[in-house]
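Read off the chains here:
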Amino acid sequence: MATAFRTRALSAYRRLLRVQQQTFAGDLTTLHAAHLETRKQFLEARAVTDATESEALLEKADAIAVYLERNIVQAVNKGGDRYNLQLDPKRHEINDNDENKKPYVKGARIPCCGAGSEALPRVGVNY
């Protein structure tokens, strides 16, 4: 069991490093900082002995790798205020945001903070 867990941990560590290499290509400062933080977090997690907590840490590492891979996009400065986004449609999540484009209706309930939760507009505030 310990060997299988160690193999999974090393696999998660290597995957994070590969995804960081791909995501932060050309940005050596950010790449180095990401590698150092990953190493620090894995060294700290080495002391964890509880199987449930260890499993949760591995799931967190996988979730971070997926997030970096699909949601982080580099912007390259093309001079002045112009930037070129390095989007890869095969890799990055590209959404249409139709829900966010709807016009605001005063007094209407506004979806907020996740699935199913809602927030009411503040009473007495002029919009």
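Residues numbered from 1 in each chain as written. Predicted model: local features only at pLDDT ≥ 70, side-chain atom pairs only at ≥ 80, totals over all residues. Heavy atoms only, no water.

Q: Hey, could you run me through the overall build of the chain in this one?
A: Helix and strand counts for the chain come out as three helices and four strands. The helix and strand sequence of the chain, counted from the amino end, reads α-α-α-β-β-β-β. Per-residue burial over the chain gives 14% buried out of 127 residues. A separation threshold of at least 6 residues defines the contact pool for the chain, and within that pool the share at least 24 residues apart is 40%. (Helix = DSSP H or I, 4+ residues; strand = E, 2+ residues; numbered from the N terminus. Buried < 20%, exposed > 50% of the residue type's maximum accessible area, 1.4 Å probe, protein only. Contact = heavy atoms within 4.5 Å.)

Q: Mind showing me how you'd approach the nonpolar core here?
A: Soluble globular proteins tend to bury their nonpolar side chains together. Among the nonpolar cores identified, the biggest contains eleven residues, and these are Ala 9, Ala 12, Leu 16, Val 19, Phe 24, Leu 31, Ala 34, Leu 58, Ala 61, Ala 65 and Leu 68. Put simply, the parts of the chain that give this core at least two residues each are α1 (2-23), α2 (28-45) and α3 (51-71). Not counting residues up to four positions away in its chain, the partners in contact with Leu 58 are Phe 5, Arg 8, Ala 9 and Ala 12. (Core = buried A, V, L, I, M, F, W, Y, C linked by side-chain atoms within 4.5 Å.)

Q: Please explain the confidence of the model for the chain as it appears in this structure.
A: For any part of a model where pLDDT is low, the fine detail of the predicted coordinates should not be relied upon. With 77% of its residues at a pLDDT of at least 70, the chain reaches an overall mean of 81. Summarising per-element confidence for the chain, the mean pLDDT is lowest in strand β4 (residues 118-119) (46) and highest in α2 (94). Note that residues 115-127 has pLDDT below 50 and, in this model, 16 contacts with residues that lie over four places away or in other chains. (pLDDT = per-residue confidence, 0-100.)

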